[in-house]
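Residue-level listing of the chains:
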Amino acid sequence: MSDARLDLVIDGGIARLTLRRADKLNALDAEMVDALVPLCRQIERSQAQVVILTGEGRAFSAGGDIAAWSGWSAEDFGRHWVRDGHAAFDALARLSQPVIAVLNGHALGGGLELAACADLRIAEAHVRIGQPEAGLGIIPGWSGTQRAVRRFGAQLVRRMALFGEVFTAEQALTLGIVDQVVAAGGGLAAAETVAERVMERGARASELTKMLINAADGEDRERVLESLAGALVAGSPDLAEGLAAFREKRKPRFSEKD
Ligand code: COA
């Protein structure tokens, strides 16, 4: 399943998610944002062990689709654009598989926020990274002041979002916004190498580890706690007894606490 401008191919343990709106530098519009949620669900339920996210053409993503905003009401922005964007980006950040973002070109505004959802960022050398939103009179949305602060640190977000600094790939590497810099055109090959390493590791262990790291990072903490506790209790004989008692219309006889 793919939206025309958001392409998903799952092959050999790798899910490849590609923004395909090159003529607009992969600016994200409402349809692309909406398409991300079901695509993430599809990845979640697939055999893929790792995800590679990238953009087609010369940009990773130049952010939210500025052209779409002019006709919108405050309600359109607050209720739909922001909420739908959060749902989509949360789905990506909370995927059980590790996500590698290949910044094949600029990652600006919403494009950087999208990259922030990944677990690893590989940038090609020519890439520029920034949060230009205030220059347009808007705030860095889609968690650009929240997840971005958690992942990159408040001071770097201040420098980009308040002072308009645009970082080169090398600066972003030094500052910890990206994890690796490769030559232009080399991002996907570098990501494949990392993906191979991920696939040699225990998928279940990686999934649980990612959940724990996310929880420590303030990402999805409630679900992570409940998932782990739910799995633990579901494996106990008490659940089987509770279900049997319900079926047989009797009081359950739970095991004694050790
Ligand atoms: N939303 C909608 N369209 C966008 C876009 C965005 N965020 N960013 C780029 N585009 C479109 C341009 O309008 C242009 O479309 P056109 O050919 O129909 O005129 C096309 O993508 C190419 O962009 P262009 O500006 O001509 O490329 P450039 O190489 O001269 O400049 C950038 C590249 C990234 C510096 C420039 O496009 C830019 O500043 N984009 C906006 C970045 C931004 O503020 N993002 C924050 C939004 S959350």
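In what follows, the structure referred to is the one given above.
Criteria and thresholds
Residues numbered from 1 in each chain as written. Predicted model: local features only at pLDDT ≥ 70, side-chain atom pairs only at ≥ 80, totals over all residues. Heavy atoms only, no water. Pairing = 2+ DSSP bridges. Helix = DSSP H or I, 4+ residues; strand = E, 2+ residues; numbered from the N terminus. Expected span 1.5 Å × (residues − 1). Buried < 20%, exposed > 50% of the residue type's maximum accessible area, 1.4 Å probe, protein only. Contact = heavy atoms within 4.5 Å. Axes fitted to C-alpha atoms, helices over the stretch in contact; angles between N-to-C directions. Left-handed = near helix turned anticlockwise from the far one by under 90°. Nonpolar A, V, L, I, M, F, W, Y, C, P; charged D, E, K, R; others polar.

### Points about the pairing of strand β1 (residues 6–11)
- The sheet contact formed by β1 and strand β2 (residues 14–19) spans six bridges and is antiparallel. Across the sheet, the residue bridging to D11 is I14, located in β2.
- Connecting β1 to the antiparallel partner β2 that follows it, the hairpin turn spans two residues, and G12 within it adopts a positive phi of roughly 60 degrees.

### A closer look at helix α9 (residues 203–216)
- In a regular helix each residue adds 1.5 Å, so 14 residues correspond to 20 Å; α9 covers 20 Å between its end C-alpha atoms and thus fits that length.
- Of the positions making up α9, those classed as buried are S206, K210, M211, N214 and A215.
- The secondary structure elements touched by the buried residues of α9 are α3 (74–93), β5 (99–103), α5 (147–152) and α10 (221–234).
- Two residues or fewer after α9 comes G218, characterised by a positive phi angle close to 80 degrees.

### Some thoughts on the packing of helix α1 (residues 30–44) against α3
- One can describe the packing of α1 onto α3 by two numbers: an axis separation of 8 Å at closest approach and a directional angle of 35 degrees. For α1 against α3, the interelement crossing comes out left-handed. For the pair α1 and α3, contact is made by A30, V33, D34, L36, V37 and C40 and by W81, D84, G85, A87, A88, F89, A91 and L92, respectively.
- Among the residues making up the contact of α1 with α3, the classes are represented as eleven nonpolar, one polar and two charged.

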